[in-house]
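# Topology and contacts: notes
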Amino acid sequence: MTMGLVGQQKQDDGCGFVVLSSPPLLPTTIMPSSAPVSSSSPPDYLNRVVSDDKRSDHGGYRKPIPPQPQQQQSLPPQSYYHGAASKFMASFLSSTQPLPPEFNRGRAPATKPATPRAQTTPHPQPTSANSNTKLAVVTERQAAELKRLKNKESKDRKEETNKKIASRKAISVVLMREATKSHIEKKKGSKRLLPRTVLEALHERITALRWESALKVFQLLQEQLWYRPNPGVYIKLIVMLGKCKQPEKAEEIFQAMIDEGCGVSHESYTALISAYGRSSLFDKAFSLLDQMKDTPDCQPDVHTYSILIKSCLHVFAYDRVQALLSDMETQHIRPNTITYNTLIDAYGKSKRFAEMESTLVAMLSQQDCEPDVWTMNSVVRAFGSSGQIETMEKCFERFHSAGIQPNIMTFNILLDSYGKAGNYKKMSAVMEYMQKYHYSWTIVTYNVVIDAFGRAGDLTQMEYLFRLMQSERIKPSCVTLCSLVRAYGKAGKPEKIGGVLRFVENSDVKLDAVFFNCLVDAYGKLGCFTEMKGVLEMMEQKGCSPDKITYRTMIKAYSFNKMTGHVKELHELMQSAGSQMSWSQRQKPDF
């Protein structure tokens, strides 16, 4: 029984002990009371440490416990042991967990003191009547919320549908209006067309200089119920007809304006004088100028004289120009900056440098008439196109020091002048300056630079600029293609010319007789007579008629190779060809 007590003491101790995997053995017999119990020294198993691997951390033994004096205790009677054993067996057999709990060798975790919970008073249980009322209220709220959401979704759906319908209607209206504008000439007799449709159609045709279609639309405009005569519409039509070299039609519109009750004005007279001046009918223009002087409230001003002076300078009628300047002085009308710029530009293009310089001096002498960038461009172009590079540079520096800032047109003039003079170093300097100060290149800039590198024979740089031009989404023009063909013909590369023609087939570049003349000249220099003759068929397919320059270029190529039969044939064709503007008479691009 002492063994059982010792095992129970070791279990409760918890200091390094491990509970055995089986319960302690119970004695089947009870020792008699007369059995001697030694109390002098503890038994040997008390000095051992029992562990899972039968050894302790220090070799399986620990320091012997020093003996302590024991008190004399009297043992209970034998009947006590019988009762204790019976109680222990009964508790052991009745336990639901036959084995003792697992023992942890480590330290027991510190447990936090339990905080007492605040005692809450229980709510009274709702009655069945109250619960039914609350449930009914909640159900009504949910139904209202659900109805509101459904209404919102229905409203949003209707708005989305209406937006789609409105956008479709707007697109259909726009398409119908565009279709009506494109075929509005066929609406003759209709008097209920929309004002916006008719006026937009008329404006588009005036801007595109489609004078025949514009007059038809104007007649349709006069037939509308809502039409009221407007002098501004008549003046726009007169200006358009003047640009299209239709002065007789312009005078008819002028008379129709008077017949419909629109009074003549200074602007209408100036537009009609400009129409006759553009067609070089100066006698009629000067008679209108005299008529304008006799009409009250229609006296000519500096704008009227400037337009007429420009028309005279265009055909080099310098005597009429001097007469107009004298008339302006008589009428006490002082020239303005536009008048002086027109004179300087015309004198510079015709290489009349003395008159140009005198006009510039007269301009500078006027206090209220100061030169601008157009004045600088005209002077720089005059000296640059004539090869006077040093004078051009001096004029540019003087204008620039006077506070006049150059524009993209100024740099295009400089590039063209340096390129034609073969000064590619200064040309590159101008290009670097434009790149440094972020001047965007235009199609004129690309045409000038491509032509310059083509003249120099630098095909690699020329082709690079052509690709760069396309990457910048700048559409090449007929001038660009002429520069390419001319350069390839000069370099003796007919296969490259074929590449240009393939590019033309895959693009919508509008070709003219100048391009085909360059093509004929390039093939003639290369000796490709079959391809040169095929250019005539190509011109017929493109709807372009050959002119005298075309035949003369082919005759020159055949004569150089002593092909007399072809020369006679071309002479016969030249006689049947209509007289058209030659290359020398064509107006060069205004850079």
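What comes next concerns the included structure. (Residues numbered from 1 in each chain as written. Predicted model: local features only at pLDDT ≥ 70, side-chain atom pairs only at ≥ 80, totals over all residues. Heavy atoms only, no water.)

### Some remarks on the overall build of the chain
Each helix and strand in the chain was counted, giving 25 helices and zero strands. Per-residue burial over the chain gives 34% buried out of 591 residues. Considering only intrachain contacts with a sequence separation of at least 6, the fraction spanning at least 24 residues in the chain is 59%. A total accessible area of about 39600 Å² is found for the chain, and carbon and sulfur atoms account for 54% of it. (Helix = DSSP H or I, 4+ residues; strand = E, 2+ residues; numbered from the N terminus. Buried < 20%, exposed > 50% of the residue type's maximum accessible area, 1.4 Å probe, protein only. Contact = heavy atoms within 4.5 Å. Areas by Shrake-Rupley, 256 points an atom, 1.4 Å probe, with all protein chains shown as cover.)

### Section: a positive patch on the surface
Together, K243, K245, R278 and K310 line one region of the surface with positive charge. For K243, a relative accessible area of 44% gives the class partly exposed. (Patch = residues over 30% accessible without salt bridge, like charges linked within 9 Å, V, L, I, M, F, W, Y side chains within 5 Å. Salt bridge = Lys/Arg side-chain N within 4 Å of Asp/Glu carboxyl O. Lys, Arg positive; Asp, Glu negative; His and termini not counted. Charge placed at Lys NZ, Arg CZ, Asp CG, Glu CD.)

### Remarks on the packing of aromatic side chains
Here a ring pair, both rings aromatic, is described through the centre-centre distance and the interplanar angle of the planes. For the coordinates displayed, the defined rule picks out twelve aromatic pairs. Between the aromatic rings of Y433 and Y437, the centroid separation amounts to 4.6 Å while the plane-to-plane angle is 45°, which identifies the pairing as tilted. Judged by its relative accessible area of 34%, Y433 falls in the partly exposed class. When its relative accessible area of 43% is taken as the criterion, Y437 is described as partly exposed. In textbook terms, an aromatic cluster arises when at least three aromatic residues are bridged by ring pairs, as seen for F411, Y433, Y437 and Y439. For the cation-ring pair, R352 lies above Y318, with the distance from its terminal atom to the ring centre recorded as 4.1 Å. (Phe/Tyr/Trp six-rings, centres within 6.5 Å; stacked < 30°, edge-to-face > 60°. Lys NZ or Arg CZ within 6 Å of the ring centre and 35° of its normal.)

### Some thoughts on the environment of I344
Assignment of secondary structure puts I344 in helix α12 (residues 337-349). Residue class for I344 comes out buried when judged on its relative accessible area of 0%. Once the C-alpha coordinates of I344 and V379 are considered, the two residues, 35 residues apart in sequence, prove to be 7.2 Å apart.

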